[in-house]
Every structure is written in structure tokens, then in C-alpha cells.
Amino acid sequence: LKEKMTLKQVISLILATLGIAILVWGPLFINSFSAVIYALLAAVSYAIYVLVSGRVQQGVEPLSSSLYVITSAGIALLLFHQPSFDRLLHFSNYEYLIFLGLATVCTVAPLTLFLAGLQRLSSSKASLVVMIEPVVAAIAAWVIFDEKLSLAQAAGALLVLFSLFLNATKSK
């Protein structure tokens, strides 16, 4: 995409990746080799998506892009997973409101904001900013669900935040 990363961006990316690794480090159980391959393919696909989206979606409304992305993902899941829709009849109106809230707060809003950010940031900067997601998830789990956060995990989260701060500061 003809986008050159500065040395500071490369260092920030390395530090953020190291911070994420420290944050999520723990016992690793691999039950299926094919699942690992799928996970790696998903990561590569997402990286390509971020890089290409920064260029292709210039001038496209982020909400429209979100609609296409979420609809495509829904169709793909429907085709591959083939769920039974019988259970949908047994939810209350309150539960449907919870689903709507979760869909809006956890999927539509973040994707739309991310796509809006891609139009304003370079792909390399956007890919660094997105690394805050696991940090926010870990902090939310700690605050909301009283999950334990080890000293190493906290250090990993701080390393990610530091790398984002480093990347955001102007070079002299």
C-alpha cells in the first residue's frame, strides 16, 4: 500500500505485540491443529482487511461499510454454522432488548468507529490503536467480573498503553 512505517512506529508495534503476549499469556491447550490454522488464517485475513480498508473505504460512510461487513459475516456464519432458529421463539422481549444492546454496543458501534478511524488514520496507526482492545477487555473483566489480573498481565497492559503513547507523541 506504499505506506512506510517510521522507526518509532516499528518500535511501538513490537512493544505493543510484546505487551499483548504478556497480557494474554497462560496455559495453552491445542485440541485441534486445524483450529490453529483457522486462527492464523483469521489473523492474516484481518490484517489484510485493515490494510486494504484504509484505502478502499475512503469516502464511504462508516455505517454503510459496517452494514456490509456485518451482513456478510452473518451470511457466512449462517452458511457454515447452519443454526437452528427454533430457540429464537422462546426469548422474552427483555432478552431481545439485551441482544439488541449487545449487538449495538459490542459490534455495530466499535466497527463503525474503527472504520471511521481508518479514514482519518494511516493503516499502520490504526492497527496499533486497535491493540487497545485486549487491554480494555482485561480491565473490563477485572472491574465488572472481578477477574484476577496478575502483575505480569498488568505490566503487559501498561506496555501496550505505553506503546500507543509513544506512537502518538510527535518526533522532534
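Residues numbered from 1 in each chain as written. Predicted model: local features only at pLDDT ≥ 70, side-chain atom pairs only at ≥ 80, totals over all residues. Heavy atoms only, no water.

Participant: Can you help me understand the packing of aromatic side chains in this one?
Facilitator: For any two aromatic rings, the description comes down to two numbers: the centre-to-centre distance and the angle of the planes. Throughout the structure, instances matching the rule amount to 5 aromatic pairs. Ring geometry for Tyr46 and Tyr49: centres 6.2 Å apart, planes at 35°, overall tilted. One end of the pair is Tyr46 and the other is Tyr49, both in helix 2 (residues 33-56) and 3 residues apart, which spans about a single turn. Measuring from centroid to centroid gives 6.0 Å for Phe91 and Tyr96, while their planes differ by 80°, and the two rings are edge-to-face. Phe91 sits in the partly exposed class, given a relative accessible area of 25%. Taking relative accessible area as the criterion, Tyr96 reaches 34% and is therefore assigned partly exposed. Three or more aromatic residues link up through ring pairs in this structure, and these residues are Tyr46, Tyr49 and Phe114. (Phe/Tyr/Trp six-rings, centres within 6.5 Å; stacked < 30°, edge-to-face > 60°. Helix = DSSP H or I, 4+ residues; strand = E, 2+ residues; numbered from the N terminus. Buried < 20%, exposed > 50% of the residue type's maximum accessible area, 1.4 Å probe, protein only.)

Participant: Where do I start with the side chain of Gln57 in this structure?
Facilitator: Tracing the backbone through its elements, the reader meets Gln57 in the loop between helix 2 and helix 3 (62-81). Only 3.1 Å separates the side chain of Gln57 from the side chain of Ser65, close enough to count as a polar contact. Excluding anything up to four places from it in sequence, Gln57 contacts Tyr49, Ser65, Leu115 and Gln119. (Polar contact = N/O pair within 3.5 Å; in protein donor to acceptor, adjacent residues only side chain to side chain. Contact = heavy atoms within 4.5 Å.)

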